[in-house]
Amino acid sequence: MIKDMLKLFITNRKALLGVIILSIFIFIAVFAPLIAPYHPKQSSDQEGKFQLRAAPSSKHLLGTSHAGYDIFSRLIYGTRLSLMVGIVTGVITTFIALTLGLLGGYYGGVIDDIISFINNIFLVIPSLPLIIVIASYITIRGVWPIIFVLSFTGWAWGTRVIRSQVLTVREREFVKVAEVLGEKPLVIVFREILPNIISLVMATFFTSTIAAVIGEATLEFIGLGNISAVTWGTMLYWAQNNAALLYNAWWWFLPPGLFIGLLGTSFALMNFAIDEISNPKIRKR
Amino acid sequence: MHFPVKKFGRKEEYVHAMDDISFSLYQGEILAIVGESGSGKTTTANVVAKLHRPTSGEIYFNGQEIYGQEVRKNNLEYRKNVQMIFQDPFGALNPTHTIRGILERPFVIHGLAERSELEAKIKEVLVQVGLEPPEQFIDKFPHELSGGQLQRINIARAISVEPVLLLADEPTSMLDVSIRIIIMNMIKKFRDRDNISYLYITHNLAGARYIADRIGVMYAGMLMELGPADEIIQNAYHPYTQLLRSAAPQPEKDFKENKLTTQGEIPSLVNPPSGCRFHPRCPKAMPECSKKLPEMYQINEKHRVRCLLYRQ
Amino acid sequence: MSDKLLEVQNLIAGYQTKMGRVLAVNDVSFELKKGELIGIAGESGCGKSTLAYSIMNLLEDNGAIFSGEINFSGDNLVDFSAKEIKQFRWQKMSMVFQSAMNALNPVMKISEQLIDALKAHQKGISEKEARKRAEEMLELVDIQKDRLDAYPHQLSGGMKQRVMIAMAMILNPDLVIMDEPTTALDVVVQRNIIEKIEDLRSEFNFSIIFITHDLSLLVEISDKLAIMYAGKILEIGPAAKIYSNPLHPYTKGLMNSFPPLTGEIEEMSGIEGKPPDLLNPPAGCPFYPRCEKRMEICKTEMPEFKELENEHQVKCYLYQGSDNLE
């Protein structure tokens, strides 16, 4: 089953494109020191200080910032944090959503009532204001608080979707057969139900990762993150603070925006593919 | 037995899916429960399978109340003794597992085989249900097999724990007609060989007559008539059984020969009719039928019927 | 012109899929007289529904009639343009679907749906006349007038199916195709509807193609019976003849799959095995792998119909040489 999925994933054009884009980003993140010509916080070399706010040149592919940092190098290094925050948050939210969804959906009763109640509250509260409010109360500045805030606000949608799917799978006859056979509840959850919602879990992971990448950029952009960190979001923050738009310095604000979009697209493409793979009706066309 | 149903406003109402059903099932006997959809026949099987808890009433299995303390403590033992075959052969098999993955579970759960013996055991049950050679099936996924083959897998899984009682909920109704008899014969074969008792749920009167020793007829949650299979069909006492009988296709007769005795459909089970549940449709209804709920009256030693016509 | 209404000749139809052509209907021929009921019996996937959809010209996008003729009182429907067939359909022939209960639009009243069907084909009919006709039709299928303005969900399964029958008959067609019209219903309701269909047929004298897997029901109601397997009709003839003297081994197997309600309970056998894959149909007789009486020739050759006794025809080498029954 999982082998089949992988095979389909590679033969599906959209999925393949998504995987390729993501692999490139991972490659960039891992080998950032080898790709970037300078350290992201380096503002001079043997030839002396870098020019401030320089336009693209052969020495600085995407120019320099107001502090004289090489923008291209920052873009490359920024991949590390943006990708890390996205994937870690995606894993955490998916894990929470899966746990709560399985618990509520399979056991039902009071457990489900409580989970659904909290779930509904989180679904109703608009998430961006909530993120901003929470983030502004957290005094520690850094990556982990951001991951915490994004995970805390991001689990509700996935939980709702997974729970309802578990509810339908739970009513399928093979689950009843397992009960009649004397299978233990945990075995039923992990052996009978989980394999049938794997594609949904993957979809939840992809969508919450996209949301985290964008959420991280948003927080950093409005200055609620750690502004000294090197991420695409802080790059946008500094670009905005230094009126890059006004000076028409496209090399400063366009590349990070583009990268955020591309990373989001790669996950979205894989998500589409999951839809196609798990829904045979779409696959045929 | 009643079942609670939650309605809007959380006021509990009861769906009388099963009401005052009492019958016993003997070892090695096939008892067919016949009824239309909504008659409560599937609920009966689910209650015995411990998938639904009845609101009242008792079910004894080998002398022990199945929802009582004793059985709850030894749940696994009850599970080993009572197995179920479902209607939809495909739905009853997890599409993400291979046949091997599906058929090894009963042995693992009940500790009936060592790891090293599993493969041999699985092949053995595959052969027993006529899937030969077993090597050809053991590593297939459910979607690679036909409905008839899948139902054999379901039977194999159920018999592999050597149950005492098998609940069969319309096991052939979703299969191709040419396969149905084969599956029925297989069910009979295991009865003859292992002395398994069956509660065989069906809507097909002719099929029930073919397979069962006794037939119970259910209507709107109540058992209306119970007796030896052939007698129920050739010599039906209850007007509802007579109606079912006249509705069943009979190729040996010309169509015009048997006309339906009555019309209408099964009533809602949330508010069932007062008195005899069949009285609004009954061609022989008497005034008191709407007031008095008939008991099961004894016709002869083995034959009981719930109808005021046969009150002694 | 005799009283022949429909003549299907060497019809080949099926679906174009990625893996190739699926010949769901493979060389099917039969005739239907006015007022006659032909039963088409077969198991799932034997092509009986495709046959119905071909005659109605309602095949899905990837389906097509590859060759053959469908003569309907003199016109060959296969040659008709989409526009012509649209005029023809429902007016002259209509259909009651297997999932008729879902074929009704849940947000439209029964009356609107019936009247729409009328207006689409009878231009210029007034609202009042249309409504009157709708009422009459419902009355015919034993549904009271006051139910005319009900929504489908307010009706029971059996009533919805009767509404579908009323809808199929509202334009007085010469032919109604019924594709498993009672399969989803309970036995008593099924009986009820079939009695209704029989009453209507004797009153209005239209022809019916009745498709189902329930052979015991078909034998009882059909004038003529066709046994279909893997896209082919293997045996065709008067229903009573086929019941009393089934010839083809497949028909015999089917007959041996329905336990009787009366008489001795005898051990029955059914038919082992499964139907062939229609993507790669076998060269000879499609029943060859499951047949107990197969011969060498059956593997590679498929015989033509052989008529034994009047109108009782069978495609089987067991009967090719002889002129009389075994």
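Residues numbered from 1 in each chain as written. Chains lettered and ligands numbered in written order. Predicted model: local features only at pLDDT ≥ 70, side-chain atom pairs only at ≥ 80, totals over all residues. Heavy atoms only, no water.

Asks: Even after reading the chapter, I still don't get the interface of chain B and chain C, so can you show me in this structure?
Replies: Put simply, an interface is often sized by how much accessible area is lost when its parts join up. Taken residue by residue, the interface counts 42 residues in chain B and 46 residues in chain C. Connecting chain B to chain C are 1 salt bridge. With a closest N to O distance of 3.2 Å, E272 of chain C and R152 of chain B form a salt bridge. Sorting the residues of the side of chain B that touches chain C by element identifies α7 (147-159), α8 (177-194), α9 (205-211), α10 (229-234) and α11 (239-247) of chain B as the ones contributing at least two each. No other element matches the 7 residues that α8 of chain B contributes to the side of chain B that touches chain C. Residues of the side of chain B that touches chain C, tallied by class, amount to 16 nonpolar, 13 polar and 13 charged. (Contact = heavy atoms within 4.5 Å. Salt bridge = Lys/Arg side-chain N within 4 Å of Asp/Glu carboxyl O. Helix = DSSP H or I, 4+ residues; strand = E, 2+ residues; numbered from the N terminus. Nonpolar A, V, L, I, M, F, W, Y, C, P; charged D, E, K, R; others polar.)

Asks: Quick question: what am I supposed to make of unusual backbone geometry here?
Replies: Residues apart from glycine generally show negative phi values, whereas peptide bonds are mostly found in trans. Geometrically, the link from E132 of chain B to P133 of chain B is a cis peptide bond, its omega value of -10° lying close to zero. Checked against the element boundaries, P133 of chain B lands in the loop between α5 (118-128) and α6 (135-138). Phi at E162 of chain B is positive, roughly 50°, even though this residue is not glycine. Along the chain, the position of E162 of chain B falls in the loop between α7 and β7 (165-169). Positioned with a positive phi, N10 of chain C is a non-glycine residue whose angle comes to about 45°.

Asks: It is not clear to me how the side chain of T89 of chain A should be interpreted in this structure. Could you clarify?
Replies: Residues and elements named next belong to chain A. By secondary structure assignment, the location of T89 is in helix α4 (residues 71-107). With a relative accessible area of 1%, T89 lands in the buried category. Not counting chain neighbours up to four residues away, the residues in contact with T89 comprise M84, I147, L150, S151 and A212. (Buried < 20%, exposed > 50% of the residue type's maximum accessible area, 1.4 Å probe, protein only.)

Asks: Would you mind showing me how to read the interface of chain B and chain A here?
Replies: On the side of chain A, 16 residues touch chain B, which itself brings 27 residues to the contact. In total, about 1,900 Å² of surface goes out of reach between chain B and chain A, with carbon and sulfur atoms giving 57% of it. Broken down residue by residue, the surface that chain B buries against chain A is led by F86, T96 and R105 of chain B, which jointly contribute 26%. Here R105 of chain B and E183 of chain A are joined by a salt bridge, their closest N and O atoms 2.6 Å apart. Taken together, chain B and chain A are joined by 10 residue pairs in polar contact (both at pLDDT 80 or more). Elements with a contribution of two residues or more to the side of chain B that touches chain A: α3 (75-81), β6 (82-85) and α4 (99-109) of chain B. Per element, the largest residue contribution to the side of chain B that touches chain A is 6 residues, and it comes from α4 of chain B. For the side of chain B that touches chain A, a count of residues per class yields 14 nonpolar, 8 polar and 5 charged. (Buried area = accessible area lost by both parts, 1.4 Å probe. Polar contact = N/O pair within 3.5 Å; in protein donor to acceptor, adjacent residues only side chain to side chain.)

Asks: What am I meant to see in the environment of P289 of chain C here?
Replies: Here P289 of chain C shows up in the loop between α10 (249-255) and β11 (306-307). Overall, the relative accessible area of 53% leaves P289 of chain C in the exposed class.

Asks: Explanation requested: the sheet that holds strand β2 (residues 20-33) of chain C in the structure shown.
Replies: Two orientations exist for strands paired in a sheet by backbone hydrogen bonds: parallel and antiparallel. Residue and element names in this part refer to chain C. The strand order across the open sheet formed by 4 strands is β2-β1-β4-β5, and the pairing between neighbours is antiparallel. Strands at the two margins of the open sheet, each flanked by one partner only, are β2 and β5 (75-76). In this sheet, β5 lies alongside strand β4 (residues 63-72) in antiparallel orientation, the contact comprising 2 bridges. Counterpart to N71 in the pairing with β5 is N76. (Pairing = 2+ DSSP bridges.)

Asks: Would you explain α11 of chain B in this entry?
Replies: Working note: α-helix, 3.6 residues per turn, so residues spaced by three or four point in the same direction. In terms of burial, α11 of chain B is largely enclosed, as 8 of its 9 residues are buried. Among the residues of α11 of chain B, those classed as buried are P239, Y240, T241, L243, L244, R245, S246 and A247 of chain B.

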